Structures are given as structure tokens and as C-alpha cells.
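Coordinates in review
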Amino acid sequence: MTVRYPRPLRPGDRIGVTAPSAGVADPLRPRLDFCCSVLRDRGYQVVVGDCIRADRYVSAPAADRAVELTGMLTDPTIRAIVPPWGGELAVDLLPLLDFAAIAAAEPTWLVGFSDISTLLTPLTVRTGIATVHGNNLMDTPYETPAGVVTWLELVTLPAGASIEQVSPGRYRRPGFDDWTRDPTVTTMPLTERGSWRRLDGDGPVEVSGRLLGGCIETMSALAGSAFGDVTGFARRYAPDGLLVYVEAVEDNAFSIARQLHGMRLSGFFEAANAVLVGRTRAPGGDGFSQDDAVLDALGGLGVPILADVECGHVAPYLPLVNGARATVRYAGGTGRIEQTLA
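Residues numbered from 1 in each chain as written. Predicted model: local features only at pLDDT ≥ 70, side-chain atom pairs only at ≥ 80, totals over all residues. Heavy atoms only, no water.

Going by the annotation in an unreviewed UniProt entry, the name recorded for the protein is LD-carboxypeptidase, with Actinocatenispora comari given as the source organism.

1. What about the UniProt feature "domain: LD-carboxypeptidase N-terminal" (unreviewed entry) in the protein?
UniProt marks residues 15-134 with the feature "domain: LD-carboxypeptidase N-terminal" (unreviewed entry), using the numbering shown here. Between the end C-alpha atoms of residues 15-134 the distance is 15 Å, and the span holds 36% helix and 15% strand. (UniProt positions renumbered as here; feature names shortened; annotations may be inferred. Helix = DSSP H or I, 4+ residues; strand = E, 2+ residues; numbered from the N terminus.)

2. So, the UniProt feature "domain: LD-carboxypeptidase C-terminal" (unreviewed entry) in the protein
Following the UniProt record, the feature "domain: LD-carboxypeptidase C-terminal" (unreviewed entry) maps to residues 208-328 here. Taken as a whole, residues 208-328 contains 31% helix and 27% strand, while its terminal C-alpha atoms sit 6 Å from one another.

3. Examining helix α8 (residues 253-265)
The end-to-end C-alpha separation of α8 is 18 Å, in line with the 18 Å expected for 13 residues at 1.5 Å each. Listed in full, the buried residues belonging to α8 are A253, S255, I256, A257, Q259, L260 and M263. Buried residues in α8 make contact with α6 (216-222), β11 (242-247) and α9 (290-298). The opening residue of α8 is N252, an N-cap whose side-chain oxygen sits 3.0 Å from the backbone nitrogen of F254. Looking one or two places after α8, you find G267, whose phi comes out positive at around 95 degrees. (Expected span 1.5 Å × (residues − 1). Buried < 20%, exposed > 50% of the residue type's maximum accessible area, 1.4 Å probe, protein only. Contact = heavy atoms within 4.5 Å. Polar contact = N/O pair within 3.5 Å; in protein donor to acceptor, adjacent residues only side chain to side chain.)

4. Considerations on the nonpolar core
Within the largest apolar cluster, 94 residues are counted, with the highest numbers of intra-cluster contacts made by I15, W109, W151, L260, F269, V275 and V321. The element best represented in this core is α8, accounting for five residues. (Core = buried A, V, L, I, M, F, W, Y, C linked by side-chain atoms within 4.5 Å.)

5. A few points about the side chain of Q339
Its location among the elements puts Q339 in strand β16 (residues 334-340). Side-chain polar atoms of Q339 contact the backbone nitrogen of V321, separated by 2.8 Å. Excluding anything up to four places from it in sequence, Q339 contacts A161, S162, I163, Q165, L211, P319, L320, V321, A324, R325 and A326.

6. Focus: the sheet that holds β11
An order of β6-β16-β15-β10-β11-β12-β13-β9 is seen for the eight strands of this open sheet, with the pairing classed as mixed. Edge positions in the sheet fall to β6 (162-166) and β9 (197-198), since each of these pairs with one other strand and no more. The pairing of β9 with strand β13 (residues 305-309) spans two bridges and is antiparallel. Bridge pairing links R198 to L306 in β13. (Pairing = 2+ DSSP bridges.)

7. A word on the layout of surface pockets
Volume-wise, the largest pocket comes out at about 970 Å³. Residue lining of the largest pocket: 37 residues in total, with F113, S114, F176, V249 and H313 positioned closest to the centre. Sorting elements by how many residues they give to the lining of the largest pocket places α6 first, with three residues. Considered as a void within the structure, the second largest pocket measures approximately 160 Å³ in volume. If you go around the second largest pocket, you meet 15 residues; those closest to its centre are R197, G278, T280, Q290 and D291. For the lining of the second largest pocket, the secondary structure elements donating two or more residues are β12 (272-278), α9 and β13. Considering each element in turn, the lining of the second largest pocket owes the most residues, three residues, to α9. (1 Å grid on protein atoms, 1.4 Å probe; cavity = no way out; pocket = protein on both sides within 12 Å on 5 of 7 lines; lining within 4 Å. Points joined across faces, edges and corners; volume = space filled by probe spheres on them.)

Okay, structure coming up:
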């Protein structure tokens, strides 16, 4: 079977903005408005849905969020969908989404990360439609360092095209910009130095496969279900294997180890040719680090394990296309990834 890629985004296209998980509180609406204006300035029309407010921990009841997201994914005039950010309970949409209608429609780019990966990976697994694990809307205006592209650049590529991204070797220290004080900030200081690391051994790595993955804390809830059937996806779309990427947000190392063990036991890594682990600020345990957690659960896979990849909650964000063919190259601390929409 062949992975389906939405057609390239072009100026004049419509981009949908909806919050499948957490909504935007009134003090942060100026940031949302600014981010939408950035899209408009690039020539796109922006359609803001009804499920966007932050009256509670989610933007709207699950049924309303599912209807709006399904509607945008099946609307032939909407070419991409990007939420403001993640949240906590995107998982409650999964049994309510009309996957049959989504699969039958012309594919639309769905973009995001964090809790949004709870939707991205199941969408790719269930329908074979590529999705983008990349910046959310509220991060979209930030300038990117050399070697890294934004999701807006990635989704302009035609099917069959390739793009290579290189780790900039710099990342952001802890902390966030005050969007209430300055909702138009676009410069992100990357003051800390750090490169990819190989956890399973030494030596260079060159490995290929189709990309698939997401946030550990949310992917672990899907492992073993029809929404997290990574083994089935590999059998249908990636007989030559996968490049599985994972990233921890905040759980301590012992919790992350348990979740990764559960994912491995469910077959999540069965087809992995390599595992990419996002840079994290999640805490360790008593003499047990996040690296220890990864190795304890995945060290026995016998595949390269690369850490501090820019696919987590520590900026900058290196967007990855779920379903794309990719080749990862690593040597001497320098990491690069080439993705091909084929």
C-alpha cells in the first residue's frame, strides 16, 4: 500500500485553526490573532473554528471537537489544519472521529505536536495519510535556525520531493516568552549548545525507514489499540522498516521507562530500524536518568538509538512527516535527516 500525501500548500489556500485539545484563554488571544495574521501575510486564508476557547481544560465537549476536526479534514477547500497547541485529552476524540470519511476525502495536512500527536499517529496508522509532527500554531511565527525548516515550508513540498534538515547544535534554555506582554515575538534565543548523542554504542549511523512516532506520554495510551497499531502500519506501508521517534514531556524517568516497556511489549518498536529520542527536560529518578529509561526499555532492540533529536518539547522544532521515507545520518555528534514524500 502507498502512503498518501496531501497536495502542496499554495498561497490562496485555506488553513483551518481548531483546538482538538486545549483552547486559548482570553489573555492569549492576541497571540493567536498574531499567528493567524502571519499565515495571512504569507498569502493564506485562515478559518478559525468554534472549538477554540479555554472555558475549561478542553476547548469544547469531545463530540463538538470531533465534529469540527472531521469537518475540516473532509472539507476540500481546507488544505491544512494547525491547532494552537496541545493539551491533555485529545485522546477522547479518537472513538468519535469518522476515519472512514477522512480516508475517503482528499487528504489534508494535519500539523502539531505534544497532545496533538495523539491524533497525528492514529490518523496516519488508520488511513495511510501523512501527517506532520511539527510546530503548533502559537510557535509558527518563530524564526528557525539554519538547517531547520518550519511546517509551513515542509507542506509546500510536492509528492516525491526530498528535504534534508540538519541539527543546529543549539537549543533553548528553560522558560517561555511572555505572550501576554508581547504577543508578536518571533525571535527565539537558542543559547545552549547540544548535539545528538548515540545511546546504544559508538560509531556513525546511517539508517532508513518510514517515520512514525510521537509523545511517549500519549503514545503509551494508544499502544496495543487499533489507534496505535504501528506493527500493522509497518506491514502495510513499510515492509523495509520504520524510524520510530519518541519524546518525553514531563514524566519522571521511572514512569517513562514503564511506558516505553509497555509500548515495546505491544509491538510499537517491532519494525524499528532505529529509534530517535527527542531532547527533554523531564526529570530523572533516584539515580535513574531519562537516558537510563530509554536504554532499560529499548536497549535490547539491537538498533541505533539517537538522543537529543529536535523532535520534542525543547525548541527548536524539527518537523517530521509521519509516513515519509527518511534516512538518518549521524557522525561525530552531527545529526541530519532527509525526508522524501514517497
